[in-house]
Amino acid sequence: MKYIKCFISEIPWNHSWYYSAMSLVESQSEDRQSEEQVRYLQANSRELNSTFGYPNNTIKTSRYSVFNFLPLNLFEQFQRLANAYFLILLFLQLIPQISPLAWYTTVIPLMVVLSITAVKDAIDDVKRHQNDNHVNNRSVLVVMNGRIKEDKWMNIQVGDIIKLKNNQPVTADVLLLSSSEPYGLTYIETAELDGETNLKVKQSISVTSNLEDNLGLLSAFDGKVRCESPNNKLDKFTGILTFKGKNYTLDHDKLLLRGCIIRNTDWCYGLVIYTGPDTKLMQNCGKSTFKRTHMDHLLNVLVLWIFLFLGGMCFILAIGHGIWENKKGYYFQDFLPWEEYVSSSVVSAILTFWSYFIILNTMVPISLYVSVEIIRLGNSCYINWDRKMYYAPKNTPAQARTTTLNEELGQVKYVFSDKTGTLTQNIMIFNKCSINGIIYGCGYDKNGQKVEVSEETEKVDFSYNKLADPKFSFYDNTLVEAMKKGDHWVHLFFLSLSLCHTVMSEEKVEGKLVYQAQSPDEGALVTAARNFGFVFHSRTSETIMVVEMGETKVYQLLAILDFSNVRKRMSVIVRTPEDRVMLFCKGADTILCQLLHPSCRSLRDVTMEHLDDFAFEGLRTLMVAYREVDNAFYQAWSKKHSEACLSLENREDKMSDVYGEMEKDLMLLGATAIEDKLQDGVPETITILNKAKIKIWVLTGDKQETAVNIAYACNIFEEEMDGIFIVEGKNDETVRQELRLARNKMKPESLLESDPVNTYLNTKPQMPFRIPEEVPNGNYGLIINGYSLAYALEGNLELELLRTVCMCKGVICCRMTPLQKAQVVELMKRYKKVVTLAIGDGANDVSMIKAAHIGVGITGQEGMQAMLNSDYAISQFRYLQRLLLVHGRWSYNRMCKFLSYFFYKNFAFTLMHFWYAFFSGFSAQTVYDTWFITFYNLVYTSLPVLSLSLFDQDVNETWSLRFPELYGPGQHNLYFNKKEFVKCLVRGIYSSFVLFFIPMRTIHNSIDSDGKEISDYQSFSLIVQTALLCVVTVQIALDTTYWTLISHIFTWGSLGFYFCILFLLYSDGLCLMFPNVFQFLGVARNTLNLPQMWLIIILSVVLCILPVIGYRFLKPLFWPADVDKIMNRIHLWTRHPLLPPTQTKLRHTRPRRSAYAFSHKQGFGALITSGKTMKDQVFKKNSFPFKK
């Protein structure tokens, strides 16, 4: 889709606009066949807007409808090769000439498998439909014919004018027309879009703000809009509004996006621009895809292998049959006559090929997939039922929203995480400060000894301050005492915090102030000053009212030197009630240090040491300074400032130069330290995940300083790292050089032509190909911004980027768009054979969540979009360690044990037919009783394997979390892969050989004590199947490491049930009543009395199990893996418990780094000084005289 930027000169308006718009209808009316390039619409004109075929406001996150569910679901299910295999098998069984088994033996199990999966998918999709219906049926107020009408969200159309109220979500993407606030301002919260809970301000254009809430004017409004086509860029919008013959430019600041919440604004009206799937929220949701695990893909390959192996066996047996019929069968037709349709031994061999194809189909029993679905469902229930992942404050348990990805949770190598709302709570807390070289904020006990701050630490009592915020907590009484004593520097420090900001205040109830901060950082600083006695009370465009220790003072606001990412500071110039001109400044220490007066050198050095301490604790820091300005100097500077503001050329550069003249020779006051409050347990969780060799990448739209500061606080970056690289190139060549420099330091040989990876890439392998892991020579981190990432994600640089970042322990990608988040995940999936997991909480994370192998949504205050599009939902990031290291690891281990055992027992079961063929003239006769074939997978071996797959634990949850290294085998898929499958096949061949030939040779020409021969077919069949069942039961007992009562009942009970049902099926009564169905009359009674039978069972069990026991005993001794060593330690500690080691907090020497991180936006200062944020009544008051 192309995006066209609109220019006024290009647009045919007035009457010609209608005709040019209608000319587009011809190309767009037929289901919008051509992509929309530019959007045209007219307010209050549904008839015209409907001609363009714009969608209504209905959203759809579900995958199926009533009409397409059956075909689409069956199509998805038959993508499993095994299901397609059984469908082919069904058609073969419908041919009576080749089918030794009835057709319903395949149809019924296949229908059960497809039905169970379809029901599960239907239930999941019904929940999505319910969520969609809940959203689509919300009510909204629409302006129609001079009246306000209540309607449903889904009925809203492009061009409608809607009314939104305070605390109401925005219905669609709407152009702001007017609001209850002055100058058409509207405050919004974008938490559901970007996870940020701080307020943002939008402003309507002046011509529409005059419409206010006059329904007559709003109904008569016929403005025409031409704007860009729907796209997923949350921070971009361009368009033109034509009203009364004049054109007005539109930008992002005038657009309210769906998903935003109206805050601190009584009402506002908006013109609907984009609806439903066209809204930027839905454009960022990405496409719903059917996720399948690596295990599913592997099973498809293995089924193909089995199919080829099966075909090979059938071919061998068919040739054997042809030879036998040609040499012997042809001459014995009097005794074994050929069927009428068999004209030769070749025809008989061809028919026998397909007969064996049907008999040997249990190589891949259909019950495999039923069992897999049951196992996945059971392990999903464990996640839903886990009380240790239940978050009581929000009453939200963990939720497995899909049941198909559980074992994939045990194989994750890369975690892509959002920052705001996922790692952090987006709550800023004033933690500590340094004032005039003294640190405040440490906790002290009653004896004056410094202690670690905890919930039990006594808080400072602010009851003396009636305007204090009751939610504010501080633990150092010495700062309050300094305030009460009138310490000059402390007072000046908090005066600076109460004046130098762009916060708005509101006093809805007398004595209760509510601050509207553009960034949570500013809100925390102003709240701290408020509690310590310097209360920012209110402001106008020219004044700031502060209540200082109970005394109200008014400062004249002369100028705001606004914040920018380049300046990294902001200043205010005020005239005090004493007629002194003062400048107060706050900003990054790296910048302000260069602006200090030389006399502050010693104080600067002390403060810098304090900043180092703050940075090491992961706190966000700002330096605070001031300057008293001569009145004459200010007057001269003010003229320069006015000239720079009015300049048309190089305005920003001139403004920066003028600011620089004022912001110099500053006197240092101190520094603030704000805690960007992390979610509970985030650093510990990331440390544990790192020990599990899981790499954490942070993909955020936030600024670099903030993201890096959080990375240190979360232990993604560590002070002891060998290096942290910053990629910030402005073109592809610079980005390439920066990436290569990083790679040169991490692994110099990776740049040589002789490097194995370079050699491999130079061969230009065909897609898809995988880049092998490269090991760096230390621990490194990398930071890249969205602008540079746009170049790095291009085709000629993406491999360079991937090789570099994959060698880093931690990666921070900042200033990213939602699309870039998904592109990074897709890049990893395309070139690395790893499992990826994306976790986020906002709508801007949805595309990333959908792109990853596993998507995890955080359910919290930032909306529900991420959760609704996720595979798993948790309430706190810390639960991720339990989701992966406990549930994921158990699920993976259980699934691997299940598959290994399942293939083994079915190979052993099926291959006996192969050996028997050599003794039955290759006649496609089965070696077992028909009822045993029917019940083997369905009854006799189903419960033991389900018990293993649902209850088994190699270690309990405590050891799983204490030794994250146990997670490693899943990342490399060591427990079930092609090699392990071949081992299962070899074991199956060996076991079937033993189980067939031991009974064969033992009872050959043998007689009973009464002289009767016992080597008949029925006795042999019973002996073989009993020995097989005993062997596979002992095998699963060996595989089980965690025995429960249910495990014992299912394992030994199934074997006991076999003997019970044996006497029933072979009883005289059934055999006499149904002689054609039950033909083994009295065989059980006669055979089980034979001593040879029990000898055969003992020999078979010993010979089949002994090699397995020997291998499992010798492997840890002579070829121990890392997991084996850890298991030995666990077993040792289980027998001889040790006291946990006492942890001491080590103080590390570290390089100096700034912890500056300030999430402020440029431009808010100009808005304040313009007076547009003030209520009308403010300007009517003139209650604050100033000295001149």
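For the structure itself, look to the data block above.
Given the structure is predicted, the values throughout are model-derived calculations rather than measurements.

How each quantity is defined
Every chain is numbered on its own, with residues counted from 1 as its sequence reads. Confidence filtering applies because this is a predicted model: local features only for residues at pLDDT of at least 70, side-chain atom pairs given and counted only at 80 or more, and all residues used for totals across whole chains, interfaces and linings. The basis for every side-chain value is the complete set of heavy atoms in the structure, and neither hydrogens nor water enter the calculation. Strands are runs of DSSP state E lasting at least two residues, helices are runs of H or I lasting at least four, and both sets are numbered from the N terminus onward. When accessible area is computed with a 1.4 Å probe and restricted to protein chains, residues below 20% of their type maximum are described as buried, those above 50% as exposed, and intermediate ones as partly exposed. Working rule for contacts: check all heavy atoms of both residues, and any pair within 4.5 Å makes them a contact. All accessible-area figures derive from a Shrake-Rupley calculation using a 1.4 Å probe, and residue coverage is judged against the displayed protein chains alone. Here a strand pair is declared whenever DSSP counts at least two bridges between the two strands. Here an axis means a line fitted to C-alpha atoms, over the contact stretch when the element is a helix, while the angle between two N-to-C directions is reported on a 0 to 180 degree scale. Among buried residues, those of type Ala, Val, Leu, Ile, Met, Phe, Trp, Tyr and Cys that are joined through side-chain atoms within 4.5 Å constitute a nonpolar core. Throughout this description, any angle smaller than 35 degrees is read as roughly parallel, any larger than 145 degrees as roughly antiparallel, any in the 65 to 115 degree range as roughly perpendicular, and the remainder as oblique. Left-handed describes a crossing in which the near helix is turned anticlockwise from the far one by less than a right angle; the clockwise case is right-handed. Residues are grouped as follows: nonpolar covers Ala, Val, Leu, Ile, Met, Phe, Trp, Tyr, Cys and Pro; charged covers Asp, Glu, Lys and Arg; every other residue, Gly included, is treated as polar. How far a helix is expected to stretch is found by multiplying one less than its residue total by 1.5 Å. Bend is the name given here to the angle between axes fitted to two runs of seven residues, the run ending at a residue and the run starting at it. The arc in question is formed by the directions pointing from the helix axis toward the C-beta atoms.

Enquirer: Explanation requested: the overall build of the protein in the structure shown.
Expert: Along its length, the protein carries 42 helices and 35 strands. Across the 1188 residues in the protein, those meeting the buried criterion constitute 56%. Look at the contacts in the protein between residues 6 or more apart in sequence, and 74% of them connect residues 24 or more apart. Carbon and sulfur atoms make up 57% of the accessible area of the protein, which totals about 52600 Å².

Enquirer: Can you walk me through the sheet that holds strand β17 (residues 438-440) in this structure?
Expert: By definition, the strands of a sheet pair up through backbone hydrogen bonds, in either a parallel or an antiparallel sense. Read from one edge to the other, the open sheet built from 9 strands follows the order β17-β16-β28-β27-β26-β25-β24-β23-β22, with strand pairing classed as antiparallel. The sheet is open, and its two borders are formed by β17 and β22 (534-539), each paired with just one other strand. Sheet twist, expressed as the average angle between the axes of neighbouring strands with direction ignored, equals 30 degrees. Both strand β16 (residues 424-435) and strand β28 (residues 667-678) contribute to a ladder of 8 bridges, which runs antiparallel. In the strand pairing of β28, I435 is matched with G670. Most of the contacts of helix α17 (residues 601-616) go to β28, to which it runs at about 5 degrees, and overall it touches β16, β17, β27 (620-629) and β28.

Enquirer: Got a minute to help me understand the environment of L1062 in this structure?
Expert: Considering the arrangement of structural elements, one finds L1062 in helix α36 (residues 1045-1065). Considering only alpha carbons, one finds L1062 and V1083, 21 residues apart in sequence, at a separation of 9.4 Å.

Enquirer: Explanation requested: the nonpolar core in the structure shown.
Expert: In globular proteins that are soluble, nonpolar side chains generally tend to be buried together. Residues F898, L899, F903, F976 and L1028 are the most contacted members of the largest nonpolar core, which totals 98 residues. Per element, the largest residue contribution to this core is 18 residues, and it comes from helix α29 (residues 879-917). Ignoring sequence-local partners within four residues, the contact set of F903 consists of L299, I306, M363, L368, F976, F981 and C984. Counting 90 residues, the second-largest nonpolar core is a separate cluster that includes A524, V574, V658 and L666.

Enquirer: So what exactly am I meant to see when it comes to the packing of α29 against helix α35 (residues 1017-1039) here?
Expert: Axis angle and axis distance: for two packed helices, these are the angle between their axes and the distance between the axes, and together they describe the pair. Put simply, α29 and α35 touch, their axes get as near as 11 Å, and they point 160 degrees apart. Accordingly, the angle class assigned to the pair α29 and α35 is roughly antiparallel. Seen along the crossing, α29 lies across α35 with a hand that is right-handed. For the pair α29 and α35, the contacting residues are K897, Y901, Y904, K905, A908, F909, M912 and Y916 in the first and Y1017, F1020, V1024, L1028, V1031, V1032, T1033, Q1035, I1036 and D1039 in the second. When its residues are assigned to classes, the contact of α29 with α35 shows 13 nonpolar, 2 polar and 3 charged.

Enquirer: What should I look at first to understand helix α39 (residues 1091-1118) in this one?
Expert: Owing to its 3.6 residues per turn, the α-helix brings residues three or four apart onto one side. Between its terminal C-alpha atoms α39 stretches 40 Å, which fits the 40 Å expected from 28 residues at 1.5 Å a residue. Residue I1105 marks the point of greatest curvature in α39, where the axis turns by about 30 degrees; the proline P1107 follows within four residues.

Enquirer: What am I meant to see in the packing of α29 against helix α34 (residues 978-1003) here?
Expert: Interhelical geometry of α29 versus α34 gives an angle of 45 degrees and a closest axis separation of 7 Å. Regarding the angle of α29 to α34, the classification is oblique. Viewed along their axes, α29 and α34 form a crossing whose handedness is right-handed. Counting all contacts with α29, which are made through S900, F903, Y904, F907, A908, L911, M912, W915 and Y916, the residues of α34 involved are F981, C984, L985, R987, G988, I989, S991, S992, F993, L995, F996 and F997.

Enquirer: I'm lost on helix α40 (residues 1122-1135) in this one. Help?
Expert: With 14 residues, α40 extends 20 Å from end C-alpha to end C-alpha; this agrees with the ideal 20 Å at 1.5 Å per step. Those residues of α40 not exposed but buried are V1123, D1124, I1126, M1127 and I1130. When α40 is viewed along its axis, its buried side chains cluster within an angular range of 160 degrees and face the same direction. Facing away from the buried side of α40 by over 90 degrees, the exposed positions are D1122 and R1135. Of the surrounding elements, those touching the buried residues of α40 are α32 (957-962), α33 (968-971) and α39.

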